Amino acid sequence: MTTVLPPSSRPARRRSAAPAPAWAPFGRTLLAFVLTGLLATGHLYGVIPLIGAMSSEWGASPVTLTWLVSAFGFGYAGGFLVFGPLSDRYGRRRVITSGMAATALATAAVALSTGVGAAVALRFAEGVATAAFAPVAFAYVAERVEPRRRGVTMTSVTSAFLASAVIGQLAAKALADLAGWRAVFLAGGAAFAVMALVLARVMLPDAPGGAVANPYAAVPALLRDPRLVLVYTATLVILGAFVAVYTALQLDGPAEIAGNPAALLALRSTALPAFVVIPFVTPRLAAIAPPGGPGWPWCWPP
């Protein structure tokens, strides 16, 4: 005769503990993302000190060649809207590494340009491809980096984007003085190819499944959100000011600066200490409560 125990007397079944998430390796991820950030956004600004040499070779006015900066910027901005959602469907690592490989080709191709028109078109393509890094990198950090390390990782990558305004110009000028402006783009193409391989090795594999069927469905609403519009506007003002100031100094600055490469180099370098300090200061600033409460000063409902 079989004795059936009442439910309360039955031994409890062991529940298998949920596996701990596999976090990305902090040190390698931070280093790879910071270096790629410096390289990616650095190519937006790196062309500024090359305008004079390119103008002399092609016989075009320096003002016309400022389109080399604008074309990259337009492509870069548009690419953000493409690659962020695209990575929801195809995976963060796949989109970033493919984008960096495409950037390597587009960047190297700029070195082969025979005139302004071709160079502007290639710079636009370079900007679009480069945009595969920033939005997808932020999403990857938010998902795959251990929560207690996310803040410093996000801040360090953001600081790299800003510091690239200075470092990109310094590196481009130094290399152009040694080997000519075309060497800057050839070296940049090689560097992007190396970083594509590094990122493929450092980033965790994309999780199977979970792909979003229509990743662009939410974009229109995000573009209309008044709170986000403020963020977009602030970003345009900050980055636009970076480009405008450095370009104006290069083309039409005071004689003691524009006519003095050493003085211009020193001026560009003065911003670097602030970018180095930012990742260490931001966690302390984030702990300070706003004076009017969490919603201050903007009072839109959440």
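Residues numbered from 1 in each chain as written. Predicted model: local features only at pLDDT ≥ 70, side-chain atom pairs only at ≥ 80, totals over all residues. Heavy atoms only, no water.

### Remarks on the confidence of the model for the protein chain
Of the residues in the protein chain, 82% have a pLDDT of 70 or more, and the chain-wide mean is 83. Counting contacts from residues 14–18, a segment whose pLDDT is below 50, to residues more than four positions away or on other chains yields zero contacts. In this model residues 298–302 is a low-confidence stretch, pLDDT under 50, and it forms six contacts with partners more than four residues away in sequence or in other chains. (pLDDT = per-residue confidence, 0-100. Contact = heavy atoms within 4.5 Å.)

### Brief notes about the layout of surface pockets
Considering only enclosed or pocket space, the largest pocket measures out at about 1500 Å³ in volume. Among the elements that take part in the lining of the largest pocket, helix α4 (residues 67–90) stands out by supplying 12 residues, more than any other. Of the residues contributing to the lining of the largest pocket, the split by class is 28 nonpolar, eight polar and two charged. (1 Å grid on protein atoms, 1.4 Å probe; cavity = no way out; pocket = protein on both sides within 12 Å on 5 of 7 lines; lining within 4 Å. Points joined across faces, edges and corners; volume = space filled by probe spheres on them. Helix = DSSP H or I, 4+ residues; strand = E, 2+ residues; numbered from the N terminus. Nonpolar A, V, L, I, M, F, W, Y, C, P; charged D, E, K, R; others polar.)

### Thoughts on the packing of aromatic side chains
Evaluation of the coordinates by the stated rule reveals eight aromatic pairs. Their ring planes at 70 degrees and their centres at 4.9 Å tell us that Tyr 76 and Phe 80 sit as a pair that is edge-to-face. Here Tyr 76 and its partner Phe 80 are both found in helix α4, four residues apart, which amounts to about one turn of the helix. Taking the relative accessible area as the measure of exposure, Tyr 76 reaches 11% and is therefore buried. Between the aromatic rings of Phe 138 and Phe 161, the centroid separation amounts to 5.8 Å while the plane-to-plane angle is 80 degrees, which identifies the pairing as edge-to-face. One end of the pair, Phe 138, is in helix α7 (residues 134–144); the other, Phe 161, is in helix α8 (residues 147–179), and 23 residues separate them in sequence. Overall, the relative accessible area of 26% leaves Phe 138 in the partly exposed class. Judged by relative accessible area, Phe 161 falls into the buried class, the value being 12%. Site record: aromatic cluster; members linked through ring pairs are Phe 33, Phe 133, Phe 138, Tyr 140 and Phe 161. (Phe/Tyr/Trp six-rings, centres within 6.5 Å; stacked < 30°, edge-to-face > 60°. Buried < 20%, exposed > 50% of the residue type's maximum accessible area, 1.4 Å probe, protein only.)

### Re the side chain of Thr 36
Relative to the helices and strands, Thr 36 resides in helix α1 (residues 26–45). With near-sequence residues (within four places) excluded, Thr 36 lies in contact with Met 100, Phe 133, Met 195 and Leu 199.

### Side note on the pattern of salt bridges
Overall, the coordinates contain seven salt bridges when judged by the stated rule. The partner of Arg 92 in a salt bridge is Asp 88, and the shortest N-O contact between them spans 2.7 Å. Under the relative-accessibility criterion, Arg 92 is labelled buried at 10%. For the salt bridge of Asp 225 with Arg 227, the shortest nitrogen-to-oxygen distance reads 3.4 Å. Since its relative accessible area comes to 18%, Asp 225 is described here as buried. Within this structure, Asp 88, Arg 92 and Glu 143 form a network of salt bridges that share partners. (Salt bridge = Lys/Arg side-chain N within 4 Å of Asp/Glu carboxyl O.)

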